[in-house]
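Remarks on the overall topology
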Amino acid sequence: MSTGASQRAQRAQGDGGLSTVRAAAPTVGVLLAGAAERLAAAGLPTARPDAEWLLAAALGAERLQVVLDRARAVAAPTAARFEALVARRAAHEPLQHLLGYEDFHGVRLRVTPDVLVPRPETEALVAWALEVLASWPRPRIADVGTGSGAIACALANARPDAEVVAIDSSLAALEVARDNARRLGLARRVRVLAGDLLAPLAPRPAGGGLDLVIANLPYLPTGLLPSLPREVVAYEPRLALDGGGDGLRLVRRLVAEAPRVLRPGGAVLVEVGEDQAGAVASLLAAEGFVDVAARRDLAGVERHLGARRPTADAAARSSRSPGEGPARIAAPARYR
Ligand SMILES: C[S@@+](CC[C@H](N)C(=O)[O-])C[C@H]1O[C@@H](n2cnc3c(N)ncnc32)[C@H](O)[C@@H]1O
């Protein structure tokens, strides 16, 4: 190494000393190239962006800065922190566990191994919910199987007049959900409740007063779990994944329980697995729901199901101002 390079390296490390010749600090570009190679060799298809996210985290910088500033020298302690993160990612630990957060529909959520990492397809369920709720003032919502609180917090954030109960049977998950609601300034409107599905809500024989029951419950058939990527099966809670023999153990019970807590005209929206939409549509129809509809995710899978409790009940009309009827969930012919 030339003397000039050595001095530049020393300056970059911030010690400014000239008496000792040290190895040049690695640059962002060099660190990224090495890490991306290592992560690709570990079988990660997102090796390069993962390396960028992790280096940005180690530097306390934005990912874009890392992408743009390849020549930046990285001090030894930071490089060591980065190497440790890369080693964990190479062992297929989820990127979000290493970063400690995931961005979801406009909110940044803390994620830990106690909760499912919120998935991008679930953002489409939130978007559908916001469409359904658009004409309903002060909506009351239950997010069942809230995990990190992703759906509950995203809805409360997008609708400042909404009140949300966020339910989960995992106390560890609820701690994360509660913390997320607090960090986002939503704690007053996102009430966290422990229990099985809708059981924490007080029973009302004539039906409840919720406008929306929304849920991304575990829906994977138990037999499928061993075939999931290592990131998922080794690092995410089994309670968040296992939907029983056919995957519908919890969704089936939720559909049966939902009419008890929904007001007439209220809606239910659920996320389901591949090839489950038809079965869930039938369950909804069998429970008396109307306007059953499905929406596809970006991969073309019928991922989300929606339906409404019938409005025939006069209470629906009297509890709302005129012209303020429920948004119709358009049902594709297949599920009518
Ligand atoms: C697939 S994760 C979804 C988490 C979050 N809603 C999301 O979309 O990121 C399902 C969640 O349901 C919870 N869960 C599982 N069984 C439950 C039950 N019987 N009652 C309530 N929650 C349950 C799990 O603990 C987990 O947090």
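Structural data are supplied above this passage.
Okay, so let's go over this structure. (Residues numbered from 1 in each chain as written. Predicted model: local features only at pLDDT ≥ 70, side-chain atom pairs only at ≥ 80, totals over all residues.)

For the chain, the helix and strand inventory stands at 13 helices and nine strands. In the chain, buried positions account for 40% of the 336 residues. For the chain, long-range pairs separated by at least 24 residues make up 67% of all intrachain contacts whose partners lie at least 6 apart in sequence. (Helix = DSSP H or I, 4+ residues; strand = E, 2+ residues; numbered from the N terminus. Buried ≥ 20, exposed ≤ 12 C-beta atoms within 10 Å, placed from the backbone. Contact = placed C-beta atoms within 7 Å.)

Taken together, 24 residues lie around the ligand, and Gly-145, Gly-147, Ser-170, Asn-216 and Ala-240 are the ones closest in. For the shell around the ligand, the secondary-structure elements that each account for two or more residues are α8 (150-158) and β4 (163-168). Each residue belonging to the shell around the ligand can be placed in one class, and the counts come to 14 nonpolar, eight polar and two charged. (Near = placed C-beta within 6 Å. Nonpolar A, V, L, I, M, F, W, Y, C, P; charged D, E, K, R; others polar.)

Right, let's get into the sheet that holds strand β6 (residues 210-215). Spatially, the seven strands line up as an open sheet ordered β5-β4-β3-β6-β7-β9-β8, and their pairing is mixed. Sheet topology places β5 (190-194) and β8 (290-296) at the edges, where each strand pairs with a single neighbour. Taken pair by pair, the neighbouring strands of this sheet meet at an average axis angle of 15 degrees, ignoring direction. Pairing between β6 and strand β7 (residues 262-271): five bridges, direction parallel. Considered in β7, the bridge of Leu-212 is made with Ala-267. Sheet contacts for helix α9 (residues 171-183): β4 and β5; angle to β5, the most-contacted strand, approximately 170 degrees. Relative to the sheet, helix α12 (residues 277-286) contacts β7, β8 and β9 (302-308), its axis offset from that of β9 by approximately 10 degrees. (Pairing = 2+ DSSP bridges. Axes fitted to C-alpha atoms, helices over the stretch in contact; angles between N-to-C directions.)

Now for unusual backbone geometry. The backbone of Arg-138 sits at a positive phi, close to 45 degrees, despite the residue not being glycine. Within the secondary structure, Arg-138 sits in the loop between α7 (120-133) and β3 (140-144). Of the residues examined, Arg-138 has 10 C-beta atoms within 10 Å and is grouped as exposed. Even without being glycine, Leu-197 reaches a positive phi, approximately 45 degrees. With respect to the secondary-structure elements, Leu-197 resides in the loop between β5 and β6.

Let's shift gears to the pairing of strand β2 (residues 107-110). Consecutive residues of a regular strand have side chains that alternate between opposite faces of the sheet. Here β2 shows one buried face, formed by Val-107 and Leu-109, and one open face, formed by Arg-108 and Arg-110. Here strand β1 (residues 101-104) runs beside β2; their pairing, made up of four bridges, is antiparallel. The residue of β2 that forms the bridge with Phe-104 is Val-107. Hairpin connection, β1 to β2: the antiparallel pair is bridged by two residues, and His-105 has positive phi, about 40 degrees.

This part is about α7. The first and last C-alpha atoms of α7 sit 21 Å apart over 14 residues, in line with the 20 Å expected at 1.5 Å per residue. Burial in α7 covers these residues: Thr-122, Leu-125, Val-126, Ala-129, Val-132 and Leu-133. Buried residues of α7 fall within an arc of 120 degrees about the axis and therefore sit on the same side. α7 presents Pro-120 and Glu-131 as exposed residues on the side facing more than 90 degrees away from its buried surface. Packed against the buried residues of α7 are α8, β6, β7 and β9. (Expected span 1.5 Å × (residues − 1). Arc of directions from axis to C-beta.)

By the criterion of burial, β4 is predominantly enclosed, with five of the six residues buried. Where β3 lies against β4, five bridges are found, and the strand directions are parallel. Looking at β4, one finds that Ala-142 is bridged to Val-165. The parallel pair β3 and β4, bridged by α8, forms a crossover whose chirality is right-handed. By the bridge criterion, five bridges tie β4 to β5 in an arrangement that is parallel. From the neighbouring strand, Asp-168 faces β5, where its bridge partner is Ala-194. Once the chain exits β4 it traverses α9 before rejoining the sheet at β5, and the crossover so formed is right-handed. (Right-handed = clockwise from strand over helix to strand, strands pointing away.)

The first and last C-alpha atoms of α9 sit 18 Å apart over 13 residues, in line with the 18 Å expected at 1.5 Å per residue. Taken as a whole, α9 has its buried residues at Ala-173, Leu-174, Val-176, Ala-177, Asn-180 and Ala-181. Along the axis of α9, the buried positions cluster into a sector of 160 degrees, meaning they face one direction only. Looking one or two residues past α9, Gly-185 carries a phi angle of roughly 75 degrees, positive in sign.

Once that is clear, we can look at the environment of Leu-186. By secondary structure assignment, the location of Leu-186 is in the loop between α9 and β5. Leu-186 gets classed as buried once you count the C-beta atoms within 10 Å, which come to 22. Leu-186 sits 30 residues away from Ala-156 along the chain, and the two C-alpha atoms are 6.9 Å apart. Once residues lying within four places of it in the same chain are set aside, the contact partners of Leu-186 are Cys-153, Ala-156, Asn-157 and Ala-181.

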